[in-house]
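This is what each chain is made of:
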Amino acid sequence: MSITETLEEARRLNWKSDTRKLYESGEAATNSFISSKDQDTKEFYAITLSPLESKIHSKGIWYDFDARERLVMSLWNQVKHQLNRNLSNNYRRYPDKQLKDLVAIEHYDKNEKAIVKPHLHGTLAIPKELKQAFEESFDERGSLNLALFDTDIRSVFVKHIPSPDDLNLWNGYVLKQQFGVISK
């Protein structure tokens, strides 16, 4: 074991077990989501998308988890398309200018006992040279202007992820109710 690995393990020993578990599951997700090259060439953002709860009730899908997933993923695909268009108007021809995403949908509260409005948490990887174009898609609070989208969306927020440790913790949080739900 190298000195760096020993120091890393010593640092982790001081964490609460929940934090360590979250970090380590996030670390595994991060490693499967991005390459080591991506860590140097990408900026990372946390994203949360929430639909309107009233629409879920009016569609009669509150207890239909497949329909809830389809609804939230269709909303996410609309947002993802628009964000990619903001990065490069002809993004489909340039895969290196597209955002990469790792997303999961939550259906339960933090104790996993009660059903809540489904919402999406995710991580976005953006080419560093397109950071300004990406950030211009959001207001100063990190909120996306929803005028361009389906009325089923309540909110979309992003926040920059400043460090690899924060990225691992966030990815652990994203996947806390799911295992292996990775989209690229």
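1. Here we look at the overall build of the chain
And then number 1: If you tally the helices and strands in the chain, you get 7 helices and 4 strands.
And then number 2: Tracing the chain from N to C terminus, the helices and strands come up as α-α-α-β-α-α-β-β-α-β-α.
And then number 3: When contacts within the chain are restricted to residue pairs at least 6 apart in sequence, those whose partners lie at least 24 apart make up 71%.
And then number 4: For the chain, the exposed surface amounts to about 10500 Å²; the carbon and sulfur share of it is 50%.

2. Concerning the packing of aromatic side chains
And then number 1: Counted by the stated rule, this structure contains 4 aromatic pairs.
And then number 2: Geometrically, the ring pair formed by phenylalanine 65 and tyrosine 108 is stacked, given 5.7 Å between the ring centres and 20° between the ring planes. Of this pair, phenylalanine 65 sits in helix 5 (residues 65-87) while tyrosine 108 sits in strand 2 (residues 100-108), placing them 43 residues apart in sequence.
And then number 3: An aromatic cluster of three or more residues is present, and its members are Tyr45, Phe134 and Phe138.
And then number 4: Sitting over the ring of phenylalanine 65, arginine 68 keeps its end group 4.9 Å from the ring centre.
And then number 5: Its guanidinium or amino end placed over the ring of tyrosine 94, lysine 97 lies 5.7 Å from that ring's centre, counting from NZ or CZ.

3. A short note on the side chain of asparagine 84
And then number 1: Within the secondary structure layout, asparagine 84 lies in helix 5.
And then number 2: Among the polar contacts listed, one links the side chain of asparagine 84 to the backbone nitrogen of leucine 99, at a separation of 2.8 Å.
And then number 3: Contacts of asparagine 84, omitting those with residues within four sequence positions, involve Tyr91, Lys97, Gln98 and Leu99.

4. Some points on the confidence of the model for the chain
And then number 1: On average, residues of the chain carry a pLDDT of 88, and 89% of them reach 70 or more.
And then number 2: Residue range residues 180-184 is modelled with pLDDT below 50. Its contacts to residues more than four positions away, or to other chains, number 12 contacts.

5. Focus: the sheet that holds strand 4 (residues 153-161)
And then number 1: Ordered by their spatial adjacency, 4 strands build an open sheet running 2-3-1-4, and the pairing between neighbours is antiparallel. Of all strands in the sheet, those bounded by a partner on one side alone are strand 2 and strand 4. Each strand axis lies, on average, 20° off the axis of its neighbour in the sheet, ignoring direction.
And then number 2: Across the face of the sheet, helix 2 (residues 17-33) comes into contact with strand 2 and strand 3 (115-127) while running at roughly 140° to strand 2.

6. A short note on the nonpolar core
And then number 1: Counting residues in hydrophobic clusters, the biggest one holds 28 residues, and the most contacted among them are Val79, Leu83, Leu124 and Phe134.
And then number 2: Those elements that provide at least two residues to this core are strand 1 (42-51), helix 5, strand 2, strand 3 and strand 4.
And then number 3: Among the elements that make up this core, the one with the highest residue count is helix 5 (8 residues).
And then number 4: Among residues more than four places away in sequence, those in contact with leucine 83 are Ile47, Leu99, Leu124, Phe134, Ser137, Phe138 and Leu144.
And then number 5: Membership of the second largest hydrophobic core comes to 13 residues, among which are Ala29, Ala46, Ala125 and Val174.

7. Digging into helix 5
And then number 1: Given a rise of 1.5 Å per residue, 23 residues ought to cover 33 Å, and the 32 Å separating the end C-alpha atoms of helix 5 matches this to within 8%.
And then number 2: Turning to helix 5, the residues buried within the fold contact strand 1, helix 4 (53-58), strand 2, strand 3, helix 6 (131-135) and strand 4.
And then number 3: The backbone nitrogen of aspartate 66 lies 3.3 Å from a side-chain oxygen of the residue at the head of helix 5, namely aspartate 64.

8. Side note on the side chain of lysine 42
And then number 1: In this fold, lysine 42 is placed in strand 1.
And then number 2: Although buried, lysine 42 forms no salt bridge, and the nearest oppositely charged side chain, aspartate 38, lies 4.2 Å from it.
And then number 3: Non-local contacts of lysine 42, meaning those with residues more than four positions away in its chain, are made with Asp96, Lys100, Ala125, Ile126, Pro127 and Lys128.

9. Details of the pairing of strand 3
And then number 1: Among the 13 residues of strand 3, 11 are classified as buried, and the element is accordingly described as predominantly covered.
And then number 2: Pairing analysis gives 8 bridges linking strand 1 to strand 3, with the strands arranged antiparallel. Within the sheet, the bridge partner assigned to threonine 48 lies in strand 3 and is histidine 121.
And then number 3: Here 8 bridges tie strand 2 to strand 3, and the two strands are oriented antiparallel to one another. Its bridge partner being in strand 3, alanine 104 is matched across the sheet by histidine 121.
And then number 4: Counted along the chain from strand 2 to the antiparallel partner strand 3, the turn is 6 residues long, and its residue glutamate 112 has a positive phi close to 55°.

Rules used throughout
- Residues numbered from 1 in each chain as written.
- Predicted model: local features only at pLDDT ≥ 70, side-chain atom pairs only at ≥ 80, totals over all residues.
- Heavy atoms only, no water.
- Helix = DSSP H or I, 4+ residues; strand = E, 2+ residues; numbered from the N terminus.
- Contact = heavy atoms within 4.5 Å.
- Areas by Shrake-Rupley, 256 points an atom, 1.4 Å probe, with all protein chains shown as cover.
- Phe/Tyr/Trp six-rings, centres within 6.5 Å; stacked < 30°, edge-to-face > 60°.
- Lys NZ or Arg CZ within 6 Å of the ring centre and 35° of its normal.
- Polar contact = N/O pair within 3.5 Å; in protein donor to acceptor, adjacent residues only side chain to side chain.
- pLDDT = per-residue confidence, 0-100.
- Pairing = 2+ DSSP bridges.
- Axes fitted to C-alpha atoms, helices over the stretch in contact; angles between N-to-C directions.
- Core = buried A, V, L, I, M, F, W, Y, C linked by side-chain atoms within 4.5 Å.
- Buried < 20%, exposed > 50% of the residue type's maximum accessible area, 1.4 Å probe, protein only.
- Expected span 1.5 Å × (residues − 1).
- Lys, Arg positive; Asp, Glu negative; His and termini not counted.
- Salt bridge = Lys/Arg side-chain N within 4 Å of Asp/Glu carboxyl O.

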